[in-house]
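Summary of structural features
Each chain, written out:
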Amino acid sequence: MAALSICESLLLAMNDRGILEGTEIVGVLRDAAATHETAAGDGGEREAHLAVAALINRIISGGNSVRRK
């Protein structure tokens, strides 16, 4: 979760500096969530991947990944 938090902060900084548009940031997050949703693994690994995907999707839904102007 710490790594996800750091990455989210970096995405916000890139948006603030005009390096990435909000739509690009959401696209990056959606790609990351999709990767975890389709990841293979045993029961425990699969559950962890799905939990990560759910967390990323909550970030997208909450709008925290892009500052609202």
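See above for the structure.
Now for a quick tour of the structure. Just so we're clear, the structure is a prediction, and the values are computed from it rather than from any experiment. Numbering of residues begins from 1 in every chain and follows the order in which that chain's sequence is written. At least 70 in pLDDT is required for a residue's local features to be given in this predicted model, at least 80 for side-chain atom pairs to be given and counted, and no such filter applies to totals for whole chains, interfaces and linings, which use all residues. Each side-chain value is worked out from all heavy atoms of the structure, with water and hydrogens disregarded.

Turning next to the overall build of the protein chain. The helix count covers DSSP runs of H or I at least four residues long, the strand count covers runs of E at least two residues long, and both are numbered beginning at the N terminus. When helices and strands are counted, the protein chain shows three helices and zero strands. Across the protein chain, helices and strands are ordered from the amino to the carboxyl terminus as α-α-α. In terms of overall dimensions, the protein chain has a C-alpha envelope of 40 × 20 × 20 Å along the principal axes. Note on exposure labels: buried denotes an accessible area under 20% of the residue type's maximum, exposed denotes more than 50%, and partly exposed covers the range between, all computed with a 1.4 Å probe on protein chains only. Across the 69 residues of the protein chain, 26% fall into the buried class. Contacts were defined at the residue level, with two residues in contact if any of their heavy atoms lie within 4.5 Å. Across the protein chain, every contact between residues at least 6 apart in sequence was considered, and the portion connecting residues at least 24 apart equals 53%. As displayed, the protein chain has an accessible area near 4,700 Å², and 58% of this comes from carbon and sulfur atoms. Under this rule, positive means Lys or Arg and negative means Asp or Glu; His and the chain ends count for nothing. The atom standing in for a charge is NZ when the residue is Lys, CZ when it is Arg, CG when it is Asp and CD when it is Glu. Side chains of the protein chain carry 7 positive and 9 negative charges; the gap between the two charge centres is 10 Å. All accessible-area figures derive from a Shrake-Rupley calculation using a 1.4 Å probe, and residue coverage is judged against the displayed protein chains alone.

Next up on the list: the nonpolar core. The term nonpolar core refers to a set of buried residues drawn from Ala, Val, Leu, Ile, Met, Phe, Trp, Tyr and Cys, joined through side-chain atoms within 4.5 Å. Among the nonpolar cores identified, the biggest contains nine residues, and these are Leu 11, Leu 20, Ile 25, Val 26, Leu 29, Ala 33, Ile 56, Ile 59 and Ile 60. If you list the elements that add at least two residues to this core, you get helix 2 (22-37) and helix 3 (43-62). Tallying contributions element by element places helix 2 first for this core, with four residues.

Let us look at the environment of Ala 48. Its place among the elements puts Ala 48 in helix 3. For Ala 48, a relative accessible area of 41% corresponds to the partly exposed category.

Secondary-structure assignment places Thr 23 in helix 2. Overall, Thr 23 belongs to the exposed group, its relative accessible area being 67%. Remark: the alpha-carbon pair of Thr 23 and Ala 39, spanning 16 residues in sequence, is separated by 24 Å.

As a packed pair, helix 2 and helix 3 sit with axes 8 Å apart at the nearest point and diverge in direction by 160 degrees. Comparing their axes, helix 3 and helix 2 come out roughly antiparallel. In this structure, the crossing between helix 2 and helix 3 has a hand that is left-handed. Between helix 2, through Val 26, Leu 29, Arg 30, Ala 32, Ala 33, His 36 and Glu 37, and helix 3, the contact on the second element is made entirely by Arg 46, His 49, Leu 50, Val 52, Ala 53, Ile 56, Asn 57, Ile 59 and Ile 60. Throughout, the ten residues Ala, Val, Leu, Ile, Met, Phe, Trp, Tyr, Cys and Pro are labelled nonpolar, Asp, Glu, Lys and Arg are labelled charged, and all others, Gly among them, are labelled polar. Residues that form the contact of helix 2 with helix 3 fall into these classes: 10 nonpolar, three polar and three charged. An axis is simply a line fitted to the C-alpha atoms; with a helix, the fit covers only the stretch in contact. Between two such axes, the angle follows the N-to-C directions and lies from 0 to 180 degrees. In these notes the angle categories are as follows: under 35 degrees is roughly parallel, over 145 is roughly antiparallel, 65 to 115 is roughly perpendicular, and the rest is oblique. Take the far helix as your reference; a near helix turned counterclockwise from it by less than a right angle gives a left-handed crossing, and one turned clockwise gives a right-handed crossing.

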